[in-house]
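Take a look at the letters that make up each chain.
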Amino acid sequence: MQNPLEDVSIVPAKIENDKCDQLSRPNSTICRICHMQEPNNELINPCNCRGTLGYVHRRCLEHWLSRSGLTRCELCLFVYRTKSILRYSMCKSLRIYFSHPNNRGLLQADLLAMILITFLTAMLFGMCYISLNYYNEQHESPYGIPKLWLDVSIFAVLAVVGFVYVLNLYGMLYAQIMPWFRWWQSVRVVTIDLDG
């Protein structure tokens, strides 16, 4: 049985695109990031890479450095002299970050949980305060427990409830603020300094 692939003759396609012809010329260079051909005066060679990989558009390189978070060439490891500024102000970054559906949903869930926990903590504080007043007004101690021990135990419960509430509040704030803060600090506009 004959292999069906042997009967197929491969004919190279005729390239009619002028850009492809231009790429084959020895003096044409392209940006290694966007692969667009430009005259040599618009391309820069900012690192130690040589040959066709050495040329980039300044705007392409700055965009790539801003997106990647790197300050060095990924090929030759040359460290670029860069300047970076935050892309967004604090208020604008909060608005952008929490407008994303995932982040907004987490914020809403944490706010709902915080309202519920605050209500329950206030109820516990109120019950402890009422119990403390009730037992202090009675002349004899309930269940034979000295009033001092009763006061200490109620204050201990209040301290534990208050501590757990503050710890929970801190945890919720940390869980919301730290991811935003890391994102805000990582979203930067990088400019490359070729003069220095």
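Residues numbered from 1 in each chain as written. Predicted model: local features only at pLDDT ≥ 70, side-chain atom pairs only at ≥ 80, totals over all residues. Heavy atoms only, no water.

Peer 1: Residues and numbers for the overall build of the protein, please.
Peer 2: Broken down by element type, the protein carries 5 helices and 6 strands. Secondary structure elements of the protein, listed N to C terminal, follow the sequence α-β-β-β-β-α-β-α-α-α-β. Here the protein, with 196 residues, has 20% of them falling under the buried criterion. Here the analysis covers contacts within the protein between residues at least 6 apart in sequence; of these, 56% occur between residues at least 24 apart. If you sum the accessible surface of the protein, you get close to 14,700 Å²; carbon and sulfur atoms cover 64% of it. (Helix = DSSP H or I, 4+ residues; strand = E, 2+ residues; numbered from the N terminus. Buried < 20%, exposed > 50% of the residue type's maximum accessible area, 1.4 Å probe, protein only. Contact = heavy atoms within 4.5 Å. Areas by Shrake-Rupley, 256 points an atom, 1.4 Å probe, with all protein chains shown as cover.)

Peer 1: For the pattern of salt bridges, give the residues involved together with the corresponding values.
Peer 2: On inspection of all chains with the given rule, the structure shows 1 salt bridge. In this structure, Glu62 engages Arg58 in a salt bridge whose closest nitrogen and oxygen atoms are separated by 3.1 Å. One end of the pair is Glu62 and the other is Arg58, both in helix α2 (residues 58-68) and 4 residues apart, which spans about a single turn. (Salt bridge = Lys/Arg side-chain N within 4 Å of Asp/Glu carboxyl O.)

Peer 1: Account for the environment of Val190, with residues named and values stated.
Peer 2: With respect to the helices and strands, the residue Val190 is situated in strand β6 (residues 188-192). Sequence separation between Val190 and Arg87 is 103 residues; the distance between their C-alpha atoms is 9.2 Å.

Peer 1: So what about the packing of helix α3 (residues 90-99) against helix α5 (residues 147-186)? Which residues, and what values?
Peer 2: Close contact between α3 and α5 brings their axes to 10 Å; oriented N to C, the two are set at 115 degrees. Considered as vectors, α3 and α5 are oriented roughly perpendicular to each other. Regarding α3 and α5, the two cross each other, and that crossing is right-handed. Of the residues in α5, those touching α3 at Met90, Ser93, Leu94, Ile96, Tyr97 and Phe98 are Gln176, Pro179, Trp180, Trp183 and Trp184. Among the residues making up the contact of α3 with α5, the classes are represented as 9 nonpolar, 2 polar and no charged. (Axes fitted to C-alpha atoms, helices over the stretch in contact; angles between N-to-C directions. Parallel < 35°, antiparallel > 145°, perpendicular 65-115°, else oblique. Left-handed = near helix turned anticlockwise from the far one by under 90°. Nonpolar A, V, L, I, M, F, W, Y, C, P; charged D, E, K, R; others polar.)

Peer 1: Lay out the nonpolar core with the relevant residues and their values.
Peer 2: Of all hydrophobic cores here, the largest spans 13 residues; its most connected members are Cys31, Cys47, Val56, Leu61, Leu65, Cys73 and Tyr80. Taken together, the elements giving at least two residues each to this core come down to β3 (43-44), α2 and β6. Element by element, the count of residues in this core is highest for α2, at 3 residues. When near neighbours in sequence (up to four residues on either side) are disregarded, Leu65 contacts Leu70, Thr71, Arg72, Tyr80, Thr82 and Val190. Counting 5 residues, the second-largest nonpolar core is a separate cluster that includes Cys128, Leu132, Ile154 and Leu158. (Core = buried A, V, L, I, M, F, W, Y, C linked by side-chain atoms within 4.5 Å.)

Peer 1: A description of a nonpolar patch on the surface should follow, citing residues and the corresponding values.
Peer 2: On the surface, Leu116, Phe119, Leu120 and Met123 cluster together to form a nonpolar patch covering roughly 410 Å² of accessible area. On the secondary structure map, Met123 appears in helix α4 (residues 101-137). (Patch = residues over 30% accessible without salt bridge, like charges linked within 9 Å, V, L, I, M, F, W, Y side chains within 5 Å.)

Peer 1: A description of the packing of aromatic side chains should follow, citing residues and the corresponding values.
Peer 2: Scanning the entire structure with this criterion turns up 8 aromatic pairs. Judged by centre distance (5.3 Å) and plane angle (10 degrees), the ring pair of Trp180 and Trp184 falls under stacked. On the criterion of helical spacing, the pair formed by Trp180 and Trp184 is a turn pair, its members being 4 residues apart in helix α5. There is no split in this pair, since Trp180 and Trp184 are both buried. (Phe/Tyr/Trp six-rings, centres within 6.5 Å; stacked < 30°, edge-to-face > 60°.)

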